[in-house]
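Examination of the molecular architecture
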Amino acid sequence: MLALAPRLAARSAAPSSSTLLRTTCRAPRNAARAFSSSAPARSQPLPDASGRDKAAVGVFTPKAAALFVATGVGLFLYFRYEKQKLIEQKQKELEDKQVGRPNVGGPFSLTTQDGKTFTEKDLLGKWSLIYFGFTNCPDICPEELDKMSDAVETLDKQFGPIVQPIFISVDPARDSVSQVKRYVSDFHPRLVGLVGDYNTVKQTCKAYRVYFSTPPDAKPTDDYLVDHSIFFYFMDPNGQFVDAFGKASTVEDVVARVQKEIGVWQTRTGKTT
Amino acid sequence: MGWFGSQEKAPDAASRSDRQKCWDSRDAYFACLDTANVIKPGDEGKACDASKGKYEKDCARSWIEYFNKRRVLAVQQQGVLTQANNQLNAAKKS
């Protein structure tokens, strides 16, 4: 193709797209010429009586043609094989995107606001948004939970109920099942509120890299605030961490991020979950 | 909220309406502080007693502590930001 450039430039200073198209179509022939013109240079030193005649006819001897075709086919097959290998590798990388993914999440067993057991297995088959907070939270938790609920509502309209909002209490001393039940009822109708005893919550928070400061000996009647991480987590249908949203993310940011991820998932698996 | 409840009943953090009530009372009290040119809640003397009483009734003590601290911090932060901006503008001019 390089040898083609000067000629092309000579024909037209600014090649239109049609010229480009034509030259592309002619490429094999030109490539053949480029290949064969270098062939005689190598075959010339060989003592050959009919060399002159051959040069007159051109270099299209059956042998050269066969060699050219064989090389072409070989290269074609080789590149196709390499390309296939690359696609497979990419596919595999997508399938288990473990590398470079933060190690957030893990096994846990908590109780829902309806008294049912909820474990990390219940995250499977659905996208989830998980927020850690407490019901006596003055302003940030309700704001974040409202944001999460709004995002889920928008996504529900587009995809149906495939994004599960979850609230995990980091205040085991005061947040009873009934307290959390009342609390979550003010937010998205599908919001799951989870509670557990101090050690269970501590374990869960450790798995999710969440910091919280409830004193272990706090009494249910104490009036205190819990200092805690205020991110909410976005997990995929395999229960794997995808992203975290902070106070700066808007509802639109969250929706866009989730939509993007569902899109990627869909092209890869053909399903939305 | 019963007929007699509003006096004795502590604000319920798990209820959206109670939270809203606390925030509204807080905003009213803080607005009063702004008018009185007071930053730190408690420094206003008797100027905002009416709104302060409602604030203390509608919000839990821990929330009041938190909001009051936040107000002071927010003002300080604003001061630092303004200062930074001024310095930035001065640096641009020179």
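Just so it is clear, the model here is predicted, and its values are computed rather than measured. (Residues numbered from 1 in each chain as written. Chains lettered and ligands numbered in written order. Predicted model: local features only at pLDDT ≥ 70, side-chain atom pairs only at ≥ 80, totals over all residues.)

1. Considerations on the overall build of chain A
Tallying secondary structure elements over chain A gives eight helices and seven strands in all. Taking all 273 residues of chain A together, the buried fraction comes to 26%. Summarising the internal contacts of chain A: among those between residues at least 6 apart in sequence, 67% fall at separations of at least 24. (Helix = DSSP H or I, 4+ residues; strand = E, 2+ residues; numbered from the N terminus. Buried ≥ 20, exposed ≤ 12 C-beta atoms within 10 Å, placed from the backbone. Contact = placed C-beta atoms within 7 Å.)

2. Comments concerning helix α8 (residues 251–269) of chain A
The periodicity of an α-helix, 3.6 residues per turn, causes residues three or four positions apart to be oriented the same way. Residues and elements named next belong to chain A. Between its first and last C-alpha, α8 extends 27 Å over 19 residues, near the 27 Å set by a 1.5 Å rise per residue. Regarding α8, the residues found buried are Val254, Val258 and Ile262. Angular distribution of buried residues about the axis of α8 spans 55°; they occupy a single face of the element. Seen from the open side of α8, the exposed residues pointing more than 90 degrees away from its buried face are Glu252, Lys260, Gly263, Thr267 and Arg268. The inward-facing, buried residues of α8 abut β3 (127–133), α5 (140–159), β4 (163–169), β6 (232–235) and β7 (241–245). Taken from the residues just after α8, Gly270 is the one with a positive phi, measuring 80°. (Expected span 1.5 Å × (residues − 1). Arc of directions from axis to C-beta.)

3. Considering unusual backbone geometry
Look at Arg209 of chain A: it is not a glycine, yet its phi comes out positive at around 55°. Relative to the assigned elements, Arg209 of chain A resides in the loop between α7 (198–207) and β6. A positive phi angle is found at Asn37 of chain B, which is not glycine, with a value near 60°. With respect to the secondary-structure elements, Asn37 of chain B resides in the loop between α2 (16–35) and α3 (49–58). Since 9 C-beta atoms lie within 10 Å of it, Asn37 of chain B is described here as exposed.

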